[in-house]
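Given next are the chains, with one letter for each unit.
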Amino acid sequence: MDWSFYAQELVPALNQGLVKTILLIIPSASIGLLMGIVVGTLRAYGHPLLRKLGDGYAGLFRGTPLVVQLFVLYFGLPNLGIYLEPYTAAVVGFILCTSAYQSEYIRGGLLSIRRGQLLATQALGFSRIQSMLWIILPQAVRRALPGCSNEIVYLIKYSSLAYIITFIELTGEGKILATKYFRFTEVFLAIGLYYLIMVTVADFGLKKLEKRLYIPGFGKG
Amino acid sequence: MTITENGPVLRAENISKVLGGKQILKGVSFTLKKGELKVLIGPSGGGKSTLLQCINFLIPPDEGQIYLDGEEIHIHRKRDLYAYRQKVGMIFQDFNLFDHLNALENVSIALRKVKKIARKEALERAMIELERVGIGDKANLYPAQLSGGQKQRVSIARALAMDPEVMLLDEPTSALDPELIGEVLAVIRNLAQDGMTMIMATHQIGFIRTLADNILFMQEGEIIEQGPPSELLMAGNATRVQQFCAKMNELYEEPEI
Amino acid sequence: MPEAFLVIKESFPYLLEGAGVTAAAVVGAMFFGLIIGVVLAVLQVYGPRPLGRLAGLYIWFFRGVPVLVLLFLFYFGLFSLIGVNLSAFTSVILVLGMTTGAYQSQIYRGAIESLPYGQLKAARALGMSDWTAIKNIILPQALRLSIPGFSNEYSIILKDSALAFVLGTSEIMARTHFVASRTYQHLPLYVTAGILYFILTWLGVKALRKLEDRVRIPGYSHHQG
Ligand SMILES: Nc1ncnc2c1ncn2[C@@H]1O[C@H](COP(=O)(O)OP(=O)(O)OP(=O)(O)O)[C@@H](O)[C@H]1O
Ligand SMILES: [Mg+2]
């Protein structure tokens, strides 16, 4: 094995790509989750019209491939005179898509809360906001958490699609190198390893969070 | 209006409610004097739960007025409504403990977030209430780890912590296994003896006989009989209450309290 | 706009053919994944410890690496490394199949573990070997319970199949991209592609729901049982 290829070519290139990938994931995951919470809450409790709109939004983005959405943003919008940078197109696409999935989990979490919980807060004199903040959301978030975590893991992996719309991140850097040196197996295994580490770390952190929020017997039945 | 020692604490006048196109309550009125325990009985579907939930506006009545200490309650003023509900405790048939909070937090959450009492003080007060209902040792357990009787006692402690002037109890023992009914009734009996003002829907005839000051018999949305148990339950009196209770007695055996 | 309309009208049969290719790839991948998933699930629940571990490692790998990277890795790398020369289409089926196999195994495992333990005990008491019991008693119940999860996986793999165009498979995306790069009608064409995926999702989910009804056991409600 020639170590210089790894030390001088592969690892530096992949590290550079990794930084770009993280720059994609962090804003997409956090804004996507926030937007998912807003959309999910609207879909559960909103005005019927907003509810319909939210359902339509979620159905649209969950029903079509993310690549198609990215292509519409990056190649399609110029037809309307709107030009997006690859990075912007990627982040916007990721946010729109991931928030549609997150909204589904949040909505499910909210709707699974028994009516009696709300009645009891009212009987104690909670205002709507107080009851949402201290009773309903803490329960809904716990129920939605496994789904939301899973979606974050998916997003980490799908961030690789940014490469297809020419934003050169981890997968892109690797692809360039692999083609140049004709070393596909080792380069793509190395890229795979980078993603595996990211996913495993994220999984670990999210599992830890789930454990910290664990409540005996909660969510069963 | 001045409040004398035995003046009415709570007064409901002419409460009417239509639900699902059906007149569930047809102008119901009653008063609760300080320290009084009134019991609501009657056949299933008669409107007892609806009436109790109208009193604290969980179900807003279509018509009628409610007075607490002589003041009429207006529900369109949200602040007044929330303040009123803090003074009226409610106990549900199915407990409705907050599933994500342990017993102590269930009792203290409204103190902290609604009454804005400091955390330490709220927890101390919550502990006192849990001990009062005999489950101080269960403070750190979550609802899923408690028996039905223990859950109901936590829910009573949760209501008591708010220092209510009146308590509404909607069949607090009907979701319980027979062997657990006694422990909850004992807590309610202590409350009655300490002078808590209460209105309670229940089918526990023995309890009514010994502790109720007054019985309201409700059927098809109306109170059709009322009076002290000594009158309504006396054998030989051909009252509706008497008939109803005789039937209940055949169906259920009651634990001693 | 009229020009866009014309382009779509003319290229529609061509795109529809692509939808056929997409459907074929997805159906192939789902079946391949079904086999892998069942084997992995059975190994994890009933298999000897080391094999269960190995299954876990497989799942960890395929859950953690992006489909795009897997496609590159297998098509350009591993497949030719082991000396097989596979078409892009076959490679896509294999890669998507291996990926969904990892996810499907988790669905089947959950279903198997949710069955009451008495089922296996009763089968053993009748003298069945473990394998006979798993095949005839456990899996028929577990697979029925898994249909909703399978349906979910189908819609995920269908969308993932859109990545196959990076290998040059002539499915929906590749064809759309091809027409778009000649006519510059990107927006209307990708919207059309989106609609085709939407319809394929809907058809598959509907078919699987029919299947679920067809194989439902009268009065069998898992959650109350
Ligand atoms: N939201 C609603 N919409 C329509 N009808 C309702 C609604 N809530 C209650 N009802 C009806 O109102 C009637 C009275 O119900 P309520 O629960 O007050 O009776 P109850 O006396 O408490 O009976 P039980 O002893 O069974 O608890 C019932 O016929 C019930 O079906
Ligand atoms: Mg009732």
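Structure's up top.
The rules behind each value
Residues numbered from 1 in each chain as written. Chains lettered and ligands numbered in written order. Predicted model: local features only at pLDDT ≥ 70, side-chain atom pairs only at ≥ 80, totals over all residues. Heavy atoms only, no water. Pairing = 2+ DSSP bridges. Helix = DSSP H or I, 4+ residues; strand = E, 2+ residues; numbered from the N terminus. Axes fitted to C-alpha atoms, helices over the stretch in contact; angles between N-to-C directions. Buried < 20%, exposed > 50% of the residue type's maximum accessible area, 1.4 Å probe, protein only. Core = buried A, V, L, I, M, F, W, Y, C linked by side-chain atoms within 4.5 Å. Contact = heavy atoms within 4.5 Å. Buried area = accessible area lost by both parts, 1.4 Å probe. Salt bridge = Lys/Arg side-chain N within 4 Å of Asp/Glu carboxyl O. Near = heavy atom within 4 Å. Polar contact = N/O pair within 3.5 Å; in protein donor to acceptor, adjacent residues only side chain to side chain. Expected span 1.5 Å × (residues − 1). Bend = angle between axes of the 7 residues up to and from the residue. 1 Å grid on protein atoms, 1.4 Å probe; cavity = no way out; pocket = protein on both sides within 12 Å on 5 of 7 lines; lining within 4 Å. Points joined across faces, edges and corners; volume = space filled by probe spheres on them. Nonpolar A, V, L, I, M, F, W, Y, C, P; charged D, E, K, R; others polar.

1. Remarks on the sheet that holds strand E10 (residues 222-227) of chain B
Residue and element names in this part refer to chain B. Here we have six strands laid out as an open sheet, ordered E6-E7-E8-E3-E9-E10, and mixed in their pairing. On the outer flanks of this sheet lie strand E6 (88-91) and E10, each paired with one strand and no other. For this sheet, the mean inter-axis angle between neighbouring strands, taken without regard to orientation, is 20°. In terms of strand pairing, E6 meets strand E7 (residues 166-170) through four bridges, oriented parallel.

2. Concerning unusual backbone geometry
Residues and elements named next belong to chain B. Despite not being glycine, Asn 14 shows a phi value in the positive range, around 60°. Structurally, Asn 14 can be placed in strand E1 (residues 8-19). When its relative accessible area of 46% is taken as the criterion, Asn 14 is described as partly exposed. At Asp 69, a position not held by glycine, the phi torsion is positive, near 50°. Following the sequence through the fold, Asp 69 ends up in the loop between strand E4 (63-68) and strand E5 (71-72). Here Asp 69 falls in the partly exposed class, since its relative accessible area comes to 25%.

3. Quick word on the nonpolar core
Core analysis: the largest hydrophobic core is formed by 117 residues, its most contacted members being Val67(A), Leu161(A), Ile164(A) and Met173(C). A per-element tally of this core places helix H1 (residues 2-46) of chain C first, with twelve residues. With near-sequence residues (within four places) excluded, Ile164(A) lies in contact with Val67(A), Phe71(A), Leu68(C), Leu163(C), Phe165(C) and Val166(C). By size, the runner-up hydrophobic cluster in this structure holds 87 residues, among which are Ile106(A), Leu25(B), Val154(B) and Ala157(B).

4. A short note on the interface of chain B and chain A
With 25 residues of chain B in contact, the opposing surface of chain A contributes 23 residues. Surface buried jointly by chain B and chain A totals about 2,200 Å² across both partners, of which 64% is contributed by carbon and sulfur atoms. When the area that chain B buries against chain A is broken down by residue, the three leading residues are Phe98(B), Asp99(B) and His100(B), summing to 29%. Inspection of the region where chain B meets chain A yields one salt bridge. Here Arg114(A) ties to Asp99(B) by a salt bridge, and the two come within 3.1 Å at their closest N and O atoms.

5. Things to note about the site of ligand 1
All names here are of chain B. Surrounding ligand 1, one finds 13 residues, the nearest of these being Ser 44, Gly 45, Lys 48, Ser 49 and Thr 50. Within the backbone of Gly 45, an N or O atom sits 2.8 Å from an oxygen atom of ligand 1. Between ligand 1 and Gly 47, the relevant distance is 2.9 Å, taken from an oxygen atom to a main-chain nitrogen or oxygen of the residue. Looking at the shell around ligand 1, the elements that each hand over two or more residues are strand E2 (22-33) and helix H1 (48-55).

6. A look at helix H6 (residues 130-160) of chain C
When the terminal C-alpha atoms of H6(C) are compared, their 37 Å separation across 31 residues is substantially less than the 45 Å that a helix rising 1.5 Å per residue should span. Along its length, H6(C) reaches its greatest deviation from straightness, about 50°, at Ile147(C), and the proline Pro148(C) lies no more than four positions downstream.

7. A few points about empty space enclosed by the protein
Within the structure shown, the criterion is met by four cavities of 30 Å³ or more. Its volume calculated, the largest cavity comes out at about 100 Å³. Surrounding the largest cavity, 16 residues form its lining, Tyr154(A), Lys157(A), Tyr158(A), Val67(C) and Asp160(C) being those nearest its centre. For the lining of the largest cavity, the element with the most residues is H6(C), which contributes four residues. The residue makeup of the lining of the largest cavity, split by class, is ten nonpolar, three polar and three charged. Roughly 50 Å³ of internal volume is contained in the second largest cavity. Forming the walls of the second largest cavity are Ala120(A), Ala123(A), Leu124(A), Met90(B), Phe92(B), Ser155(B), Arg158(B) and Ala159(B). Those elements that place two or more of their residues in the lining of the second largest cavity are helix H5 (115-123) of chain A together with helix H5 (148-160) of chain B. When residues of the lining of the second largest cavity are assigned to their parent elements, the largest contribution, three residues, is made by H5(B). Grouping the constituent residues of the lining of the second largest cavity by class yields six nonpolar, one polar and one charged.

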